[in-house]
Amino acid sequence: MSATKLDGKALAATIRSEVAAKVAARAAAGKRPPGLAAVIVGDNPASHVYVRNKHKACADAGLASWVHTLPGDTTQAGLLEVVEKLNRDPAVHGILVQLPLPKQIDEDAVLRSVAPSKDVDCFHPENVGLLAAGHPRFYPCTPHGVVQLLQRNGIATAGREVVVVGRSNIVGKPQALMLMQKATKANPAGGDATVTVAHTRTRDLAAVCRRAEILVVAAGALHAITPDMIAPGATVIDVGMHSVNGKLTGDVHPGAADVAGALTPVPGGVGPMTIAMLLVNTLSAAEQIDG
């Protein structure tokens, strides 16, 4: 068999169009555009590419956006001052601090300094707690992108066996929370699935993965999941991205396409969805703050 491609690029374009239509309606009603401010410290090439892509996506959807680029030797106090100014700026509805940060800066302290109402990455402990309680203010962008890929491709999650490989605060933990929770009016992205969280210390990881009807891989390791670790016909979501000889590939070995029933490509799968969901969150923040 050859797996069905779950095209994140095409779906992200659809979601960005939906956001653009809502932003245009807000403008017609005399409301200010949703505004996203990105802060980047240093000259990490990948970080600058990500921020440029986010900035362009905002412009294409009619959102206001600003990029604050700080030198690599910026102090923690200097960065916190920038964040606090953005917290007070009424034109800014969403703030993202691009990670990773230089070693002299306490990443956790900076993420906690972002006003929860403007934390469109959903990294602040208050927003993580709301998510865990089933009353999310925002959904984390990458896990929400994964849920949208499943829902909009008609892949049911309720009652199904899901394995999430990875336990990071950015993907693994919130992904498991979203997929295990009951879907409600306050929490429409709840997956109602039976979820197992696995990782590099999991005993017999291959056997655990083969139980999955839906396998979400965010291990952060090149080709950590090989075809023999996948149940025939399973849906596989590859969150990883690595550059090998100038080409992008993921956490899942390409041979998975011969086993899986559906598979996200790398690139063109989860990556574009992450940016689309950031726009969704920025619009939501504007609706919550300005009405």
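Structure first, text after, so check above.
Predicted model, so just to flag it, every value in this text is computed and none were measured.

Let's shift gears to the pattern of salt bridges. Scanning the entire structure with this criterion turns up 9 salt bridges. Of the charged contacts, one joins E18 and R152 as a salt bridge, the two residues approaching to 2.9 Å between their closest N and O atoms. With E18 in helix α1 (residues 8–28) and R152 in helix α6 (residues 141–152), this residue pair connects regions lying 134 residues apart in the sequence. On the basis of relative accessible area, E18 is assigned to the partly exposed category, the value being 34%. Among the salt bridges present, the one from R32 reaches D290, with a minimum N-O distance of 3.4 Å. Here R32 is found in the loop between α1 and β2 (35–41), whereas its partner D290 is found in helix α9 (residues 270–290), with 258 residues between them in sequence.

Time to look at helix α7 (residues 172–180). Turning to α7, its buried residues number three or more, namely G172, P174, Q175, A176, M178 and L179. Buried residues along α7 sit against α5 (125–132), α6, β5 (161–165), β6 (194–198) and β7 (214–217).

Let's shift gears to the pairing of β5. Each regular strand carries side chains that alternate between the two faces of the sheet. In terms of residue burial, β5 counts as a mostly covered element, since 4 of its 5 residues are buried. Alignment of β5 against β6, held across 5 bridges, turns out to be parallel. Within the sheet, the bridge partner assigned to V165 lies in β6 and is A198. Assessed by its sense of winding, the connection that carries the chain from β5 through α7 to β6 is right-handed. Judged from the 4 bridges that link them, β5 and β7 form a sheet pairing that is parallel. Across the sheet, V164 pairs through a bridge with V216, a residue of β7.

Quick look at the layout of surface pockets now. Estimated volume of the largest pocket: approximately 1400 Å³. If you trace the largest pocket, you find 47 residues lining it, with Y50, K54, T142, G271 and T274 closest to the centre. Listed by contribution, the elements that provide at least two residues to the lining of the largest pocket are α1, α2 (45–61), β4 (94–97), α6 and α9. Tallied by class, residues from the lining of the largest pocket come to 26 nonpolar, 13 polar and 8 charged.

This part is about empty space enclosed by the protein. Under the counting rule described, the total for this entry stands at 2 cavities of 30 Å³ or more. Taken as a whole, the largest cavity holds about 40 Å³ of empty space. Taken together, L36, A38, V51, K54, H55, S65, W66 and V67 form the lining of the largest cavity. For the lining of the largest cavity, the secondary structure elements donating two or more residues are β2, α2 and β3 (64–70).

Further remarks concern the sheet that holds β4. Here we have 3 strands laid out as an open sheet, ordered β3-β2-β4, and parallel in their pairing. Each edge of the open sheet is held by one strand with a lone partner, namely β3 and β4. Neighbour-to-neighbour, the strand axes of this sheet turn through a mean angle of 15 degrees, independent of strand direction. Where β2 lies against β3, 7 bridges are found, and the strand directions are parallel. Bridging from a neighbouring strand, A38 pairs with V67 of β3. Packing of α2 onto the sheet brings it into contact with β2, β3 and β4, and relative to β3 it is tilted by some 160 degrees.

Parameters and conventions
- Residues numbered from 1 in each chain as written.
- Predicted model: local features only at pLDDT ≥ 70, side-chain atom pairs only at ≥ 80, totals over all residues.
- Heavy atoms only, no water.
- Salt bridge = Lys/Arg side-chain N within 4 Å of Asp/Glu carboxyl O.
- Helix = DSSP H or I, 4+ residues; strand = E, 2+ residues; numbered from the N terminus.
- Buried < 20%, exposed > 50% of the residue type's maximum accessible area, 1.4 Å probe, protein only.
- Contact = heavy atoms within 4.5 Å.
- Pairing = 2+ DSSP bridges.
- Right-handed = clockwise from strand over helix to strand, strands pointing away.
- 1 Å grid on protein atoms, 1.4 Å probe; cavity = no way out; pocket = protein on both sides within 12 Å on 5 of 7 lines; lining within 4 Å.
- Points joined across faces, edges and corners; volume = space filled by probe spheres on them.
- Nonpolar A, V, L, I, M, F, W, Y, C, P; charged D, E, K, R; others polar.
- Axes fitted to C-alpha atoms, helices over the stretch in contact; angles between N-to-C directions.

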